[in-house]
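# Structure at a glance
Here is how the chains run, residue by residue.
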Amino acid sequence: MCNEKSSLSTPLRLAEAEEDLIVPAYFTAYRSLRLTRDALGVLVVEFHSKGGAFIMSAQAHTEFVDAFYRISQDRANKIVILTGAGGEFIVDVDWSSFGDVSDPGVWSQVHDEGVQALENISNIRVPVIAAIEGRAHVHSDYALLVSVIVAAEGATFQDVAHFAAGVEPGDGIFTTWSHRAGAGRAEAFLLNPQPLTARTAQEWGVVAEVVPNGKALSRARQLADLYLKAPEVTRRNTRVHFIQPLKERIVREVGYGLSLEGASAAALVKAMQAAH
């Protein structure tokens, strides 16, 4: 009887294994993300621009809403690692790609995508690890929405996209930094945006581990192996529990913050036009 049961279950197990090897269509759907998943279900999400260091663009901003939703609802993803190509995380913004941000219709899309992308990252219901090399100078809030940040010794955090550029930091950057590091540190960091070292970010409680340059991703994979030792429901429920307070703040604050940011962006455009 046991042999009969074993022979019946073998084709099922083989079918499941073959299904796991199928690459989902969404893995190749995004120009600015490289998605790879190993046999254990560890998904590596790599930001890139044409294979090199990633510069945020309007197209990527749009893509990320769908990408993070698909990642969050795919139960074959057991652990998620966020990282960047070219020895960087996210380095800059292609402002021109967004068009006229003083146009309410243009900003309405930026606003909605900004809210949805962060909500969808926070809705990833498995442990998420960020492996940071080089510059995390734009959308470091993506990294601060993970469970654990591993940063290389030479990594730096900065916000070049808001106050330094004349725009209010309303897209979640204050919400995430104030949650992780405290409001006072977050305000000073965002009002005088200078590069913050990985060691200082660790002292602030933002970074969990600092590793030699070039080792962030390999250490993230080691942590993924460690987390995989726990039962799947335990892993999922732990992520859900830990992210809940920050998720509530994202829902409460980021839509409002992006409305303020949009008004400040319109004022900046008006001032630049008057100067010419």
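Please refer to the structure higher up on the page.
All figures in this text were calculated on a predicted structure; none of them were measured in a lab.

### Describing the packing of helix H5 (residues 173–181) against helix H6 (residues 183–191)
The N-to-C vectors of H5 and H6 enclose an angle of 135°; their axes lie 7 Å apart at closest approach. Judged by the angle between their axes, H5 and H6 are oblique. When you trace H5 past H6, the crossing you get is right-handed. Residues Ile173, Phe174, Trp177, Ser178 and Ala181 of H5 touch H6, and the partners they reach there are Ala183, Arg185, Ala186, Glu187, Phe189 and Leu190.

### Points about H5
The set of residues buried in H5 consists of Ile173, Thr175, Thr176, Trp177, Ser178 and Ala181. Check the buried side of H5 and you find it contacts helix H4 (140–144), strand S9 (156–157), H6, strand S10 (196–197) and helix H9 (232–275). Immediately beyond the C-terminal end of H5, within one or two residues, lies glycine 182, with a positive phi of roughly 105°.

### Some details on the pairing of strand S2 (residues 42–47)
Of all six residues making up S2, six are buried, and the element is well covered by its neighbours. Neither face of S2 is open: one carries Val42, Val44 and Glu46, the other Leu43, Val45 and Phe47, and all of them are buried. Where strand S1 (residues 33–37) hands over to S2, the hairpin turn is made up of four residues, of which glycine 41 adopts a positive phi near 90°. The pairing of S2 with strand S4 (residues 79–84) spans six bridges and is classified as parallel. Within S4, the position partnered with valine 42 by the bridge is isoleucine 79.

Rules used throughout
- Residues numbered from 1 in each chain as written.
- Predicted model: local features only at pLDDT ≥ 70, side-chain atom pairs only at ≥ 80, totals over all residues.
- Heavy atoms only, no water.
- Axes fitted to C-alpha atoms, helices over the stretch in contact; angles between N-to-C directions.
- Helix = DSSP H or I, 4+ residues; strand = E, 2+ residues; numbered from the N terminus.
- Parallel < 35°, antiparallel > 145°, perpendicular 65-115°, else oblique.
- Left-handed = near helix turned anticlockwise from the far one by under 90°.
- Contact = heavy atoms within 4.5 Å.
- Buried < 20%, exposed > 50% of the residue type's maximum accessible area, 1.4 Å probe, protein only.
- Pairing = 2+ DSSP bridges.

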